[in-house]
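Okay, here's what each chain looks like letter by letter:
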Amino acid sequence: MANNSSLKSTIAVSLTNYLDAGAIVAGASGLTLWKNYLGLTEMHLGWLNFISANCLGAAVGAIIGGFLADKYGRKFIFTYNLLVYMTGVLLVMLSVNFPMLLAGFLVTGISVGVGVPASWTYISESSEVNNRGRNICISQMSWGIGPMVILLLGMLFAPGGYLFSWVEGLAAAVGGSGLAEDAVNVFSSRVVFFSLFVVAFIAWNLQRQLQESAEFTATEKKAGLMDNIKVLFQNKIAVRTVVFLATIYLTWNLVASVMGFFQPHIYETAGGVSNEQANWMNCIQWAIIVGVTFIVSKLIDKSSHKGIFIFGLLAAISAWLVIVTIGVNGQAGLWAFAILWGIQGGASPQIFYALWGSELFPAKFRAGAQGLMFFVVRGLSALWGLVFTYIYGENGEGFTLAAYCMIALLLISLVVGVIGAPNTRGKSLQQITQERYGDNV
């Protein structure tokens, strides 16, 4: 049982990832309903995406949360952060105008960002040496389960869905029988966000009972924000590590963030399938991601990290090669693309970014370094989303060019990862820190 003593805390902390991915998908899946209800323009929708958990909100939250976790502790984040998340979700649920909706998306996004560096750091610090990779994979599985569950709920509660009659009854009970059709329809999005509120409440109760990380407690000096930034950038090894991790994660995430937000739209416009089929394909793809991540969790502490990293990126590149060879106009090409992208998601650079990011920095600025990188990656991904829509075109006419851009980005991640992959398997965090930094931290 000793080997599994970290499993309970890992599951509790991993709910943060469920709430992160769930917020992104819930926001994206309900955009049309909110647009119709509030009479929003495309510019309004662009702002909602830009400040959400997918982009700027999470980016700003990560840099704040990372350094707060290094100053006041990982438990400090777990004690208060999900109260902020619940406030944001509540704002979205109760929104009756655009400023309320925008505020809800922003507050939720900031909270998501605050929680991510602390959660990855805590999982690594509380894991046994031979379970660290497995526990990071469990956190990644919850990142896949979140979108899968939210997509299913979205389809069940959406207008025309199997449970929409229940949504209509709820809307009548809350707003009366005279509500306009768009006002009734948006209740399906309110219900989906309510499910996130419930999970956040459960997660908060579990996380605030956790013990502080022993490694954080043992850190002698709890430096301030500016002190930690100064220490981080004065250490050449730390700077090289930031560049390495940010490169493999950013180049992959530029592709993945587009897929996360635009995938159903791509299936519909480039693949020519219905909205319902696109959502089902997306849901099945997330199920594949969860399944492959589970397999990787059984292998990662016993096998070559570099080998799994290469496998994941080769699957990702193969998916986009399908676009430029077979194409996605037919069912065979579309499903080949969906399945390959699902496989890569289960062995993606994000697993190794989370694992190496929490291994390769000293406890003193471990969470802060991750928060800084997450800030850069999510911020640039937000800008890339705007560039991608320009390349892609209104009806997918630039899809082939976009695919070549994606392949180039993934190749960069592959090459840099192969060159710089560290050998940390089977080593304690203290041993890794001593080998890399000596006594210079």
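The structure this text deals with has already been given above.
As the structure is a prediction and not an experimental result, all values here were calculated from the model.

Caption draft 1: Quick look at the overall build of the chain. Across its full length, the chain holds 20 helices and zero strands. Taken over the C-alpha trace, the chain has a radius of gyration of 21 Å; the compact-globule value for 441 residues is 22 Å, and the two agree within 12%. Expressed as a percentage of its 441 residues, the buried residues of the chain come to 57%. Considering only intrachain contacts with a sequence separation of at least 6, the fraction spanning at least 24 residues in the chain is 82%.

Caption draft 2: Focus on empty space enclosed by the protein. Taken as a whole, this structure holds five cavities of 30 Å³ or more when the rule is applied. Space inside the largest cavity adds up to approximately 410 Å³. As for the largest cavity, its lining consists of 25 residues, and the residues nearest its centre are Trp143, Trp252, Ala256, Trp286 and Gln350. Secondary-structure elements contributing two or more residues to the lining of the largest cavity are helix 1 (7–29), helix 7 (132–157), helix 13 (236–269), helix 14 (275–299) and helix 16 (331–345). The biggest single contributor to the lining of the largest cavity is helix 13, with seven residues. Taken together, the residues of the lining of the largest cavity break down into eleven nonpolar, 13 polar and one charged.

Caption draft 3: Geometry of helix 1. For helix 1, with 23 residues, the first-to-last C-alpha span of 32 Å sits near the 33 Å given by 1.5 Å per residue. With respect to burial, helix 1 is a largely interior element, 18 of its 23 residues being buried.

Caption draft 4: Region of interest: the pattern of salt bridges. Taken as a whole and judged by the stated rule, the model has seven salt bridges. Close ionic contact of Arg378 with Asp20 constitutes a salt bridge, the shortest N to O distance being 3.6 Å. Placement of the pair is Arg378 in helix 18 (residues 366–392) and Asp20 in helix 1, with a sequence separation of 358 residues. Its relative accessible area of 5% is what places Arg378 among the buried residues. Classification of Asp20 by relative accessible area gives buried; the value is 0%. A salt bridge links Glu125 to Arg366; its shortest N-O distance comes to 2.7 Å. Taken together, the residues Glu125 in helix 6 (residues 98–126) and Arg366 in helix 18 connect sequence positions 241 residues apart. Since its relative accessible area comes to 11%, Glu125 is described here as buried. In this structure Arg366 comes out as buried when scored by relative accessible area, which is 0%.

Caption draft 5: The arrangement of the packing of helix 4 (residues 56–72) against helix 5 (residues 74–93) in detail. The N-to-C vectors of helix 4 and helix 5 enclose an angle of 120°; their axes lie 6 Å apart at closest approach. It follows from the interaxial angle that helix 4 and helix 5 lie oblique. Together, Gly65, Leu68, Ala69, Asp70 and Tyr72 of helix 4 and Arg74, Phe76 and Ile77 of helix 5 make up the contact between the two elements. Looking at side-chain class alone, the contact of helix 4 with helix 5 contains five nonpolar, one polar and two charged residues.

Caption draft 6: Quick peek at the side chain of Gln285. Here Gln285 shows up in helix 14. Setting aside residues no more than four positions away along its own chain, Gln285 makes contact with Gln263, Tyr267, Phe337, Ala338, Trp341 and Gly342.

Caption draft 7: Representation of the side chain of Ser111 within the structure. Checked against the element boundaries, Ser111 lands in helix 6. Using a relative accessible area of 2% as the deciding quantity, one classes Ser111 as buried.

Caption draft 8: A look at the environment of Leu409. Turning to its location among the elements, Leu409 is positioned in helix 19 (residues 399–420). The exposure class assigned to Leu409 is buried, which follows from its relative accessible area of 15%. It is 31 Å that separates the C-alpha atoms of Leu409 and Lys230, two residues lying 179 residues apart in sequence. The contact partners of Leu409, leaving out residues within four places of it in the chain, are Thr251, Leu254, Val255 and Trp384.

Conventions adopted
Residues numbered from 1 in each chain as written. Predicted model: local features only at pLDDT ≥ 70, side-chain atom pairs only at ≥ 80, totals over all residues. Heavy atoms only, no water. Helix = DSSP H or I, 4+ residues; strand = E, 2+ residues; numbered from the N terminus. Rg over C-alpha atoms; globule rule 2.2 N^0.38 Å. Buried < 20%, exposed > 50% of the residue type's maximum accessible area, 1.4 Å probe, protein only. Contact = heavy atoms within 4.5 Å. 1 Å grid on protein atoms, 1.4 Å probe; cavity = no way out; pocket = protein on both sides within 12 Å on 5 of 7 lines; lining within 4 Å. Points joined across faces, edges and corners; volume = space filled by probe spheres on them. Nonpolar A, V, L, I, M, F, W, Y, C, P; charged D, E, K, R; others polar. Expected span 1.5 Å × (residues − 1). Salt bridge = Lys/Arg side-chain N within 4 Å of Asp/Glu carboxyl O. Axes fitted to C-alpha atoms, helices over the stretch in contact; angles between N-to-C directions. Parallel < 35°, antiparallel > 145°, perpendicular 65-115°, else oblique.

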